[in-house]
Amino acid sequence: MSFDNVRGRSTPGRPSRTPQVSGTPSVVGQLGRRPDGTVPFSVEFNPPRDEAAEARLWRAAREFERMHPAFVSMTYGAGGSTRDRTARITGQLARETTLLTVAHLTAVGHSVAELRSIVGSYADAGIRNMLVLRGDPPGDPLGEWRKHPDGVEYAEELVRMVCELGDFHVGVASFPQGHYRSPDLDHDTRYLVSKLRAGAEYSITQMFFDVEHYLRLRDRVAACDPEQGAKPIIPELMPITSLRTVQRAEELSGRALPESVMRRLDRAAGADPEANRAAVREVGIEIATEIAQRLIDEGAPCLHFITLNFARATTEVLTNLGYTVTPAVVSA
Ligand SMILES: Cc1cc2nc3c(=O)[nH]c(=O)nc-3n(C[C@H](O)[C@H](O)[C@H](O)COP(=O)(O)OP(=O)(O)OC[C@H]3O[C@@H](n4cnc5c(N)ncnc54)[C@H](O)[C@@H]3O)c2cc1C
């Protein structure tokens, strides 16, 4: 998987749904039903590579701002210059928008001293919510993991460190089909529960296309530790908008898409995928809508969308689900 990549403020004109924890809005505090009764949703951005991509991200951020997501998160990559850009944009999202901003923090390539300094600079930017991750080896995500000589081995240690550093709200990653380095689902569940016990308040899952995997993860965590099992497990979704995004989804999830999903997309693509792009997109949005509806029916606390820095696909899924989204010209 490759990721080259606060304090929230109340939204004018809306009652605040944000319980204050020591004065700081938290992700978990945002997870009650929205004023119109709909389930909260949130969005994930990736650090843009250049100025044009950054402008696109800002267009999407402004469009989402009008739709009142529970929070937005910004992934964190391994590249040096991208990391600087990431930190700058994450800080700007927190300071210059009404969006509750979650910074992803990864252990890859950092000593403990550097990690402390990054947390400190996020705190200076008003960011108090962090998704704490180990990260993957740069270049080849499936390659051998080597901890920084003065760094941490597992996300759990980083969770402890961030919690000790101050009044931060920490989330962690969870894996409906198990993390690919876990020997089995039992170990995977126990490691997730350890991260939650270390101080994480919730987890966000890796994306999936079979809701059963999410439901079984929820069952496993609850069976392993009912107290930790009561913490929100936020499902991550990615609307497929083209056959190219299928490849991206497989990279991000580390898994092939289920055959049933591929069959529907391939049928829409037919013999001429280029000519049938609109049909592929329509089916992709339909699939994401079905997954999201089932998650709502099963009581998911929030729907977290991978956006690839575009607002349109997420908006279409939400509209299909009956959300009222402010009419706007949304980015592709
Ligand atoms: C929602 C989400 C967002 C993400 N965002 C980013 C991002 O912004 N940037 C990025 O680089 N990556 C990101 N990732 C990918 C993530 O960093 C990788 O999947 C990584 O390989 C695992 O991270 P982790 O935090 O779960 O690691 P860990 O929890 O440390 O787990 C790593 C492996 O070690 C095992 N393990 C954990 N604890 C122990 C232990 N005590 N003893 C033995 N084994 C143990 C786990 O089962 C797992 O196999 C994201 C993933 C998700 C689901």
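As named in an unreviewed UniProt entry, the protein is Methylenetetrahydrofolate reductase, taken from Nocardia vermiculata. In the Catalytic activity (unreviewed entry) part of its UniProt record, the protein is described as follows: "(6S)-5-methyl-5,6,7,8-tetrahydrofolate + NAD(+) = (6R)-5,10-methylene-5,6,7,8-tetrahydrofolate + NADH + H(+)". Listed in UniProt under the heading Sequence similarities (unreviewed entry), the comment for the protein reads: "Belongs to the methylenetetrahydrofolate reductase family."

Caption draft 1: Just the overall build of the protein, in detail. Along the backbone of the protein there are eleven helices and eleven strands. Against the 2.2 N^0.38 benchmark of 20 Å for 332 residues, the protein shows a C-alpha radius of gyration of 19 Å, consistent with a compact globule. Expressed as lengths along the three principal axes of its C-alpha atoms, the size of the protein is roughly 55 × 50 × 40 Å. Split into buried and exposed, the 332 residues of the protein put 44% on the buried side.

Caption draft 2: Structural view of helix 3 (residues 112-124). A rise of 1.5 Å per residue sets the reference length of helix 3, with its 13 residues, at 18 Å; its end C-alpha atoms lie 18 Å apart and thus fit the reference within 8%. Looking at helix 3, one finds that the buried residues are Leu115, Val119 and Tyr122. Taken around the axis of helix 3, the buried residues stretch over an arc of 60°, which confines them to a single face. The exposed residues of helix 3 that point more than 90 degrees off its buried face are Ala113, Ser117, Gly120 and Asp124. Elements in contact with the buried residues of helix 3: strand 5 (101-106), strand 6 (129-133) and helix 4 (155-165). The first or second residue beyond helix 3 is Gly126, which carries a positive phi of 90°.

Caption draft 3: Layout of the sheet that holds strand 9 (residues 233-234). Pairing in this open sheet of nine strands is parallel, and the strands run 9-8-7-6-5-4-3-11-10 from one edge to the other. Each edge of the open sheet is held by one strand with a lone partner, namely strand 9 and strand 10 (236-237). Bridge count for strand 3 (residues 41-45) against strand 11 (residues 303-306) is four bridges, and the pairing is parallel. Opposite Glu44, over in strand 11, you have Ile306 as the bridge partner.

Caption draft 4: Up close: unusual backbone geometry. Phi is positive for Leu308, which is not a glycine, with a value near 50°. Mapped onto the elements of the fold, Leu308 is located in the loop between strand 11 and helix 11 (312-320).

Caption draft 5: Fine view of the packing of helix 10 (residues 277-297) against helix 11. At their nearest, the axes of helix 10 and helix 11 sit 9 Å apart, and the two run at 55° to each other. Of the possible angle classes, the one that applies to helix 10 and helix 11 is oblique. Of the two possible hands of crossing, helix 10 and helix 11 adopt the one that is right-handed. Here Ile285, Ala288, Thr289 and Ala292 of helix 10 lie close against helix 11, whose contacting residues are Ala313, Glu316, Val317 and Asn320. Residues of the contact of helix 10 with helix 11, tallied by class, amount to five nonpolar, two polar and one charged.

Caption draft 6: Geometry of the site of the ligand. In the region of the ligand, 25 residues are neighbours, and Thr75, His104, Arg134, Ala155 and Arg181 sit closest. Taken together, the elements giving at least two residues each to the shell around the ligand come down to strand 5, strand 6, helix 4 and helix 5 (185-197). A total of three residues in the shell around the ligand trace back to one element, the largest contributor, which is helix 5. Here the shell around the ligand is composed, by residue class, of eleven nonpolar, seven polar and seven charged.

Caption draft 7: Molecular detail of helix 11. Three or more residues of helix 11 are buried, namely Ala313, Thr314, Thr315, Glu316, Val317 and Leu318. For helix 11, the secondary structure elements touched by its buried residues are strand 3, helix 10 and strand 11. Looking at the residues trailing helix 11, positive phi occurs at Gly322, about 95°.

Caption draft 8: Focus on the packing of helix 9 (residues 259-269) against helix 10. At a minimum axis distance of 8 Å, the contact between helix 9 and helix 10 shows a crossing angle of 155°. Between helix 9 and helix 10, the crossing angle belongs to the class labelled roughly antiparallel. When the axes of helix 9 and helix 10 are compared, the crossing they make is right-handed. From helix 9, Val261, Arg264, Leu265, Ala268 and Ala269 reach across to helix 10, where they touch Ala279, Val280, Val283, Gly284 and Ile287. Taken together, the residues of the contact of helix 9 with helix 10 sort by class into eight nonpolar, one polar and one charged.

Caption draft 9: Summary view of the pairing of strand 6. Counting buried positions over the five residues of strand 6 gives five, a clear majority of the element. Taking every second residue as pointing to the same face, both faces of strand 6 are buried, with Asn129, Leu131 and Leu133 on one and Met130 and Val132 on the other. Bridging between strand 5 and strand 6 involves five bridges; their strand directions are parallel. Of the residues in strand 6, the one forming a bridge with His104 is Leu131. Taking the sense of rotation as the criterion, the β-α-β connection linking strand 5, helix 3 and strand 6 turns out right-handed. What joins strand 6 to strand 7 (residues 169-174) is helix 4, and the crossover it makes is right-handed.

Calculation notes
- Residues numbered from 1 in each chain as written.
- Predicted model: local features only at pLDDT ≥ 70, side-chain atom pairs only at ≥ 80, totals over all residues.
- UniProt positions renumbered as here; feature names shortened; annotations may be inferred.
- Helix = DSSP H or I, 4+ residues; strand = E, 2+ residues; numbered from the N terminus.
- Rg over C-alpha atoms; globule rule 2.2 N^0.38 Å.
- Buried ≥ 20, exposed ≤ 12 C-beta atoms within 10 Å, placed from the backbone.
- Expected span 1.5 Å × (residues − 1).
- Arc of directions from axis to C-beta.
- Contact = placed C-beta atoms within 7 Å.
- Pairing = 2+ DSSP bridges.
- Axes fitted to C-alpha atoms, helices over the stretch in contact; angles between N-to-C directions.
- Parallel < 35°, antiparallel > 145°, perpendicular 65-115°, else oblique.
- Left-handed = near helix turned anticlockwise from the far one by under 90°.
- Nonpolar A, V, L, I, M, F, W, Y, C, P; charged D, E, K, R; others polar.
- Near = placed C-beta within 6 Å.
- Right-handed = clockwise from strand over helix to strand, strands pointing away.

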